[in-house]
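# Tertiary structure, described
Residues per chain are reported as follows:
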Amino acid sequence: MTDRGKLAEPRALRGAEADTMVTGEAVLIDIPPASLPIRVVARVIDTVLYLLLLIALLVVVLAQSFDASAATTQTLALLSTVGCLLVVPVAVETLTRGRSLGKLICRLRVVRDDGGPIVFRHAFVRGLVGFVELFMAYGVPAVIAAVATTRVKRLGDLAAGTYVVQEDVRLRLAAPPEVPMRLERWARSTDISALPDGAALAVRQFLLRRRTLTPAARARLGADLTAAVRPSVAPPPPPGTSDEEFLAAVLAERRRRDQQRLARDARQRSRVVPVDELTGR
């Protein structure tokens, strides 16, 4: 159980895997990477298009340099190859923020490890490494790297700090825990502001998965988390409170307070900025 996250609105986790985000109530949201088969389909589409563009350009070059020397023809052919297989892919991914025609058809997008849009630097590194692993090595290193990494990263992604995601993925969140009835009054009056996000996230995951654990592991984890959370909670819970009741009450109360804060912030913004400006109507 590592210390992850920050507080409140959905955001990228600090120090966590890059394909995760966390909400104020410590809900871990996975941003699943695109699967290898769909990435292969998108890559095949892009490769066919780039090769067709290269063939057309080579035909033009050969036609225009019919009387030129062999060295000039070879130079033009090399520049055409680099332009179609490196410059064009980099330019497309930069201008479209991570989408080529193949990715557009397959509803994929390249994003940074923190989930943000890529810029020229990321596209250039991806394109430069991709020129070697995809065209010169026929994609074999890319497939091996994708199979060996959890986020289906090819070598270009590893070098650039990016990965490919499937767009329009619906995320399903489990129901959050509720405050046990007998602890409601205590939870409303307790101070939990010092609770670290990493601890809250660990509690959330434990409460969601506790029924899949063996009784011994469940009891041990509950006790360990309670020991980690208690120093951040004051006053302590009433005598006789079980570890799981304590953890559920703390997490549910944290969620309630975050919802109140967000609603209060929204009301303040609505008073400062007219509704028409907020909605754009």
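I will try to describe carefully the structure that is included in this document.

Criteria and cut-off values
- Residues numbered from 1 in each chain as written.
- Predicted model: local features only at pLDDT ≥ 70, side-chain atom pairs only at ≥ 80, totals over all residues.
- Heavy atoms only, no water.
- Phe/Tyr/Trp six-rings, centres within 6.5 Å; stacked < 30°, edge-to-face > 60°.
- Helix = DSSP H or I, 4+ residues; strand = E, 2+ residues; numbered from the N terminus.
- Buried < 20%, exposed > 50% of the residue type's maximum accessible area, 1.4 Å probe, protein only.
- Lys NZ or Arg CZ within 6 Å of the ring centre and 35° of its normal.
- Core = buried A, V, L, I, M, F, W, Y, C linked by side-chain atoms within 4.5 Å.
- Contact = heavy atoms within 4.5 Å.
- Expected span 1.5 Å × (residues − 1).

Turning to the packing of aromatic side chains, a few remarks are in order. Enumeration over the complete set of coordinates arrives at three aromatic pairs. Each ring, one from Phe131 and one from Phe135, has its centre 6.3 Å from the other, and the planes form 50°; the classification is tilted. Separated by four residues within a single helix, Phe131 and Phe135 lie in helix α4 (residues 120-136), roughly one turn from each other. Each member of the pair Phe131 and Phe135 is classed as buried. Taking NZ or CZ as reference, Arg151 lies 6.0 Å from the ring centre of Tyr163, over its face. Its end group placed over the ring of Phe246, Arg230 keeps NZ or CZ at 5.2 Å from the ring centre.

Here the focus is the nonpolar core. Counting 22 residues, the largest nonpolar core has Trp186, Val229, Leu247 and Val250 as its most contacted members. Those elements that place two or more of their residues in this core are α7 (184-189), α8 (197-209), α9 (215-229) and α10 (243-272). Not counting residues up to four positions away in its chain, the partners in contact with Leu247 are Val203, Phe206, Leu207, Gly222, Leu225, Thr226 and Val229. Of all hydrophobic cores here, the second largest spans 18 residues; its members include Ala42, Leu85, Cys106 and Phe135.

Before going further, it helps to examine helix α1 (residues 36-64). The terminal C-alpha atoms of α1 lie 41 Å apart, and with 29 residues this matches the ideal 42 Å at 1.5 Å per residue to within 8%. What α1 keeps buried is the set Arg39, Ala42, Asp46, Thr47, Tyr50, Leu54 and Val61. The inward-facing, buried residues of α1 abut α2 (70-95), α3 (101-106), β4 (108-112), α4, α6 (155-160) and β5 (162-166).

A cis amide bond, omega 0°, links Ala234 with the succeeding residue Pro235. Looking at the element boundaries, Pro235 is found in the loop between α9 and α10. You will see that Tyr138, though not glycine, has its phi angle at about 60°, which is positive. Residue position: Tyr138 is located in the loop between α4 and α5 (140-148).

By themselves these figures say nothing about function.
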